[in-house]
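Chains, contacts and geometry: an overview
The primary structure of each chain is shown beneath.
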Amino acid sequence: MSHKRIPKRKAAIAVGGVAALGAAALLLPNANASQDDEAAGAAPRTLKAADASDLAAQLRSLLGDAFAGSYYDSGSQQLVINVVSGDNNVIVQAKKAGAVVRQVENSTAQLQSAARTLRTEATIPGTSWAVDPRTNRILVTADSTVTGAAWNRLESTVQGLGSGMATIKKSAGTFKTFVSGGDAVFSQVQGGAVRCSLGFNVTASDGSPAFLTAGHCGVAAENWSDSETGQPIATVDQATFPGEGDFALVTYDDATTQAPSEVNVGGGQSVQIAQAAEATVGQAVLRMGSTTGLNDGTVTGLDATVNFQSETDPNGVDTVTGLIQTDVCAEPGDSGGPLFTQDGSALGLTSGGSGDCTSGGETFFQPVTTALQATGATLGAGGAADQNGGGEQAGGDGVGGDGVGGAADPSAPADDPSGAGDAMGGGQPGAGEQSGTGDQSGTGDQSGTGEQSGTGEQSGTDDQSGTGAHAGASRSRNH
């Protein structure tokens, strides 16, 4: 494999280095004697999704047990906070911070207790559950395989949680890890080849170039190549699946590999990944996969638990916890691909789900922040020079300009899935040397997905001999 050498950016993004982005300024220090009057006249603030996530985290800490979840209303661009306390001081503080406040019945502790009961009594293959802050309930989903006694058991467990605590819905598809098809990285195992996609390029704790992908890819094989019959170029360092996550850290065998922190979105465009961030319910997101290309959707739940049918034991269950639930579609071959936002925030790695990109369905993602913390890695091999909005943002035309919107049909596959070149780690297959990507220090107006000044030139976009790293290449087993 011939690797392009791409100049390193100035700074890698550290684990947990998700900046507050100014949301801290939204919180007022405390309430005073006139706080009731002030709160009554306070108008909810208009926020970007990233700022809403930061504000929600601060309010969670500030309000304590009174905090019962939150979500982002993308229509009004406002943060909605659920509270269970009748203490007016709690409501005042949340309103003064700029949030919309709702009083709800179920506390966070009650919802978590209900989730533990489901884990104990209803760990059934083909089921999942996550807290839905918009309804203040746990949303339990059963796929098409959950029938007969299994369905009765699930329904009885949910009813036993009490009225208003959980709801059940049926999914037409089957929950599975997306581990077949695709084109990205390959490994030869007994019985055939394993194929997966990378999520994001990272730097391992010892400084080695590496990438994150799905954990079920990491446990399937140890050595990975950028072609089906090629020599291995990367080795699994650590992998988690099933259990508390679905992520793997894979290090490049060539220590000089320069792995760009970007995602190929098709149409010759890339999005530079500037930071890792926490997902927020209601947030608009994008997913790139080597089978179905670029697709969009919304975050519908957090801390989701999914019970996959075990691939090694017909009577077993592979339970994964702590996932992001979305209504973004995905198909086999998309496993490990990146979930991100149009302004370049890395959110997740494709784990699995049900449905397809014709009928829709649910897709679950491993949070990137958790994977980084667990592996000790940092995001990107160079990252953006300025996390606060400068540096080199979203390559090509940028996601905020013509960017993702210009990447042909978001539901269509990438330009040539069968020849996506080196889809290795966060970058674009064959994005050539995008060290320039123009000077996007201004990045235009990303909040409005408006124009990004200086989108510059993507020299070498037709050279797919290998960027050395390509986000969106999660690995998948070929069944």
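Residues numbered from 1 in each chain as written. Predicted model: local features only at pLDDT ≥ 70, side-chain atom pairs only at ≥ 80, totals over all residues. Heavy atoms only, no water.

Thoughts on helix H3 (residues 88–96)
This is how the line gets drawn: Summary of the burial criterion: residues with accessible area below 20% of their type's maximum are buried, those above 50% are exposed, and those between are partly exposed, where the area comes from a 1.4 Å probe applied to protein chains only. A run of H or I in DSSP becomes a helix once it reaches four residues, and a run of E becomes a strand once it reaches two; helices and strands are each numbered from the N terminus.
Residues of H3 that are buried include every one of Val90, Ile91, Val92, Gln93, Ala94 and Lys96, and no others. Looking at the residues trailing H3, positive phi occurs at glycine 98, about 110 degrees.

Observations regarding the pairing of strand S15 (residues 262–266)
Selection criterion: Two strands qualify as a pair provided DSSP detects at least 2 bridges between them.
When you tally the buried positions in S15, you get 5 out of 5 residues, the bulk of the element. For S15 and strand S16 (residues 269–272), the ladder comprises 4 bridges, and the chain directions are antiparallel. Within S16, the position partnered with glutamate 262 by the bridge is glutamine 272. Taking the residues that link successive antiparallel strands as the turn, the S15-S16 hairpin has 2 residues, and the phi of glycine 267 there is positive, at about 65 degrees.

So, the nonpolar core
The condition that has to hold: Buried Ala, Val, Leu, Ile, Met, Phe, Trp, Tyr and Cys residues form a nonpolar core when they are joined through side-chain atoms within 4.5 Å.
Grouped together as the largest cluster of nonpolar side chains are 23 residues, with contacts concentrated most on Phe200, Val202, Ile273, Phe340, Leu372 and Leu379. Sorting the residues of this core by element identifies strand S10 (200–203), strand S11 (209–213), strand S14 (247–252), S15, strand S18 (284–289), strand S22 (345–353) and helix H7 (368–375) as the ones contributing at least two each. In terms of residue count, H7 provides more of this core than any other element does, 3 residues in total. If you look at the next biggest cluster of nonpolar residues, it comprises 19 residues, including Ala56, Ala66, Phe67 and Ile91.

Regarding the state of the cysteines
Two cysteines, two sulfur atoms, one covalent bond between them: this is a disulfide. This is how it is decided: Disulfides are defined as pairs of cysteine sulfur atoms found within 2.5 Å of each other.
All told, the structure shown has 1 disulfide when counted by the stated rule. Each sulfur in the disulfide pair cysteine 329 and cysteine 357 lies 2.0 Å from the other. Negative torsions about the S-S bond denote left-handed disulfides, and the value of about 90 degrees found for cysteine 329 with cysteine 357 makes this one right-handed. Taken as a pair, cysteine 329 in the loop between strand S20 (317–326) and strand S21 (338–340) and cysteine 357 in the loop between S22 and strand S23 (363–367) lie far apart in primary sequence, 28 residues in all. Taking the relative accessible area as the measure of exposure, cysteine 357 reaches 23% and is therefore partly exposed.

Thoughts on the environment of leucine 111
Worth spelling out the cut-off: For this analysis, residues touch if any pair of their heavy atoms sits within 4.5 Å.
With respect to the element layout, leucine 111 can be found in helix H4 (residues 108–121). Classification of leucine 111 by relative accessible area gives buried; the value is 3%. Counting along the chain gives 27 residues from leucine 111 to isoleucine 138, while the straight-line C-alpha distance between them is 6.9 Å. Residues in contact with leucine 111, not counting those within four places in the same chain, are Asn106, Val131, Asn136, Arg137, Ile138 and Met165.

Comments concerning the sheet that holds strand S1 (residues 67–73)
Stated formally: Orientation is described by lines fitted to C-alpha atoms, with helices fitted over the stretch in contact, and by angles between N-to-C directions that extend from 0 to 180 degrees.
The 3 strands lie next to each other as S1-S2-S3, forming an open sheet whose pairing is mixed. In this open sheet, the two strands that pair with only one neighbour each are S1 and strand S3 (100–103). Averaged over all pairs of adjacent strands, the angle between their axes in this sheet comes to 25 degrees, without regard to strand direction.

Digging into the packing of H4 against helix H5 (residues 148–160)
To be explicit about the condition: Working definition: roughly parallel below 35 degrees, roughly antiparallel above 145 degrees, roughly perpendicular at 65 to 115 degrees, and oblique for all remaining angles. A crossing counts as left-handed when the near helix is turned anticlockwise from the far one by less than a right angle, and as right-handed when that turn is clockwise. Nonpolar residues are Ala, Val, Leu, Ile, Met, Phe, Trp, Tyr, Cys and Pro. Charged residues are Asp, Glu, Lys and Arg, and all others, Gly as well, are polar.
Where H4 meets H5, the closest approach of the two axes is 10 Å, and the angle between their N-to-C directions is 155 degrees. One element, H4, and the other, H5, form an angle in the roughly antiparallel class. Classified by chirality, the crossing of H5 by H4 is right-handed. When H4 is examined against H5, the residues Thr117, Leu118 and Glu121 are found in contact with a partner set consisting of Arg153, Thr157 and Val158. The residue inventory of the contact of H4 with H5, partitioned by class, reads 2 nonpolar, 2 polar and 2 charged.

Thoughts on the packing of helix H2 (residues 49–63) against H3
H3 packs onto H2 with a crossing angle of 160 degrees between their chain directions and a minimal axis gap of 11 Å. Compared by their axis directions, H2 and H3 come out roughly antiparallel. The handedness of the crossing between H2 and H3 comes out as right-handed. From H2, Leu59, Leu62 and Leu63 reach across to H3, where they touch Val90, Gln93 and Ala94.

Overview of the pattern of salt bridges
The cut-off we apply is this: Whenever a carboxyl oxygen of Asp or Glu lies within 4 Å of a side-chain nitrogen of Lys or Arg, that contact is scored as a salt bridge.
Throughout the structure, instances matching the rule amount to 3 salt bridges. In this structure, aspartate 132 and arginine 134 form a salt bridge, with 3.2 Å as the shortest nitrogen-oxygen distance. Of the charged contacts in the structure, one is a salt bridge between lysine 169 and glutamate 362, with a shortest N-O distance of 3.1 Å. With a gap of 193 residues between them, lysine 169 in strand S6 (residues 166–170) and glutamate 362 in the loop between S22 and S23 connect regions that are remote in the sequence. Classification of lysine 169 by relative accessible area gives partly exposed; the value is 32%.

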